[in-house]
Amino acid sequence: MRPPVRPVVPAPGQESVWDYPRPPRVEATTDRIRIRFGGETIVDTTDAVRVLETSHPPVYYLPRSAFPGGSLVPAPGSSFCEFKGAAKYLTVLAGSAQAESAGWYYPNPSPGYELLADRVAVYPSAMDSCEVAGEIVTPQDGDFYGGWITSKVVGPFKGEAGTSGW
C-alpha cells in the first residue's frame with residue numbers, strides 16, 4: 001500500500017500545488033520571465049500565462065513572438081492532454097545550442113484553454129536557466145513534466161521518485 005501524500009503547509013506568500021485544481025486552471029501573470037539558452041537571453045517578457053494543476057508546479061506559457069525569429073523549429077512527436085488538447089513539439093535553437101523537443105504548444109487548445117493559443121512552454125531542464133520574477137527556477141523532476149519550481153510553491157511535486165501512481 002502506498003503511503004498517503006503529505007502536502008507541505010505553505011508559509012505566508014507561498015502556494016501549495018495541492019491547492020491547485022484539477023482540471024487545471026490557466027491564469028495570466030505579469031511576473032517577468034527570462035529564459036537563457038546557448039549563452040543568450042532568448043525570452044524576456046512580462047506577458048505570460050501559467051497552468052496550475054494539482055500536484056504540479058506551474059508551467060509557464062510565453063508568446064511565440066517573445067522568442068527570436070528562427071529559435072523555434074518543429075520537432076517530431078506529439079502528445080495529448082485530456083484537458084488542453086493535442087500538443088506539438090519544438091526544438092529550441094540559440095547560438096550553437098540546440099535542445100531537441102524542449103518546447104511545446106497547443107495549436108488548437110481545447111475550450112477553456114484558449115489563453116494557451118500562440119504560446120510556447122519549455123522544459124526548464126533543457127535551458128541554461130529560466131527565471132520567474134528574478135528567481136532562477138528548479139526544473140520539475142521527471143521526463144514528461146515541465147513545471148517551474150520557485151520558492152513560492154511547495155509540494156511534494158509529481159515527477160519525483162515514487163510519484164508515478166499519483
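Just so you know, these numbers come straight off a predicted model, no measurement behind them. (Residues numbered from 1 in each chain as written. Predicted model: local features only at pLDDT ≥ 70, side-chain atom pairs only at ≥ 80, totals over all residues. Heavy atoms only, no water.)

(A) The pattern of salt bridges, seen in detail. Counted according to the given criterion, the structure contains nine salt bridges. Between E27 and R25 there is a salt bridge whose closest N-O contact spans 3.3 Å. Residue classification places E27 among the partly exposed residues on the basis of a relative accessible area of 23%. In this structure, R50 and E27 form a salt bridge, with 2.8 Å as the shortest nitrogen-oxygen distance. With a gap of 23 residues between them, R50 in strand β5 (residues 48–52) and E27 in strand β2 (residues 25–29) connect regions that are remote in the sequence. Its relative accessible area of 10% is what places R50 among the buried residues. The network of salt bridges with shared partners includes E15, R25, E27 and R50. (Salt bridge = Lys/Arg side-chain N within 4 Å of Asp/Glu carboxyl O. Buried < 20%, exposed > 50% of the residue type's maximum accessible area, 1.4 Å probe, protein only. Helix = DSSP H or I, 4+ residues; strand = E, 2+ residues; numbered from the N terminus.)

(B) Examining the sheet that holds strand β6 (residues 59–63) more closely. Taken together, the seven strands give an open sheet; going across it, the order is β2-β5-β6-β10-β9-β8-β7, and neighbouring strands pair in antiparallel fashion. Looking at which strands have only one partner, the edges of the open sheet turn out to be β2 and β7 (72–81). The sheet shows a mean angle of 35 degrees between the axes of neighbouring strands, direction not considered. Here two bridges tie β6 to strand β10 (residues 119–122), and the two strands are oriented antiparallel to one another. When the sheet's bridge partners are listed, P63 is paired in β10 with R119. (Pairing = 2+ DSSP bridges. Axes fitted to C-alpha atoms, helices over the stretch in contact; angles between N-to-C directions.)

(C) A look at the nonpolar core. Counting 23 residues, the largest nonpolar core has I35, I42, F67, V92, V122, M127 and W148 as its most contacted members. At the level of elements, β3 (33–37), β4 (40–45), β6, β8 (85–94), β9 (97–105), β10 and β11 (129–132) are the ones that each hand at least two residues to this core. The residues contacting I42, other than those within four sequence positions of it, are I35, F37, A66, F67, P68, V92, A94 and M127. If you look at the next biggest cluster of nonpolar residues, it comprises 16 residues, including Y61, W104, Y113 and Y123. (Core = buried A, V, L, I, M, F, W, Y, C linked by side-chain atoms within 4.5 Å. Contact = heavy atoms within 4.5 Å.)

(D) Structural view of the packing of aromatic side chains. Overall, the coordinates contain four aromatic pairs when judged by the stated rule. Measuring from centroid to centroid gives 5.1 Å for Y60 and W148, while their planes differ by 45 degrees, and the two rings are tilted. Of this pair, Y60 sits in strand β6 while W148 sits in strand β14 (residues 148–149), placing them 88 residues apart in sequence. Owing to a relative accessible area of 4%, Y60 belongs among the buried residues under this scheme. Judged by centre distance (6.3 Å) and plane angle (45 degrees), the ring pair of Y61 and Y106 falls under tilted. You can see Y61 sitting in strand β6 and its partner Y106 sitting in the loop between β9 and β10, a full 45 residues away along the chain. Feature note: the residues Y61, W104, Y106 and Y123 constitute an aromatic cluster, connected by ring pairs. (Phe/Tyr/Trp six-rings, centres within 6.5 Å; stacked < 30°, edge-to-face > 60°.)

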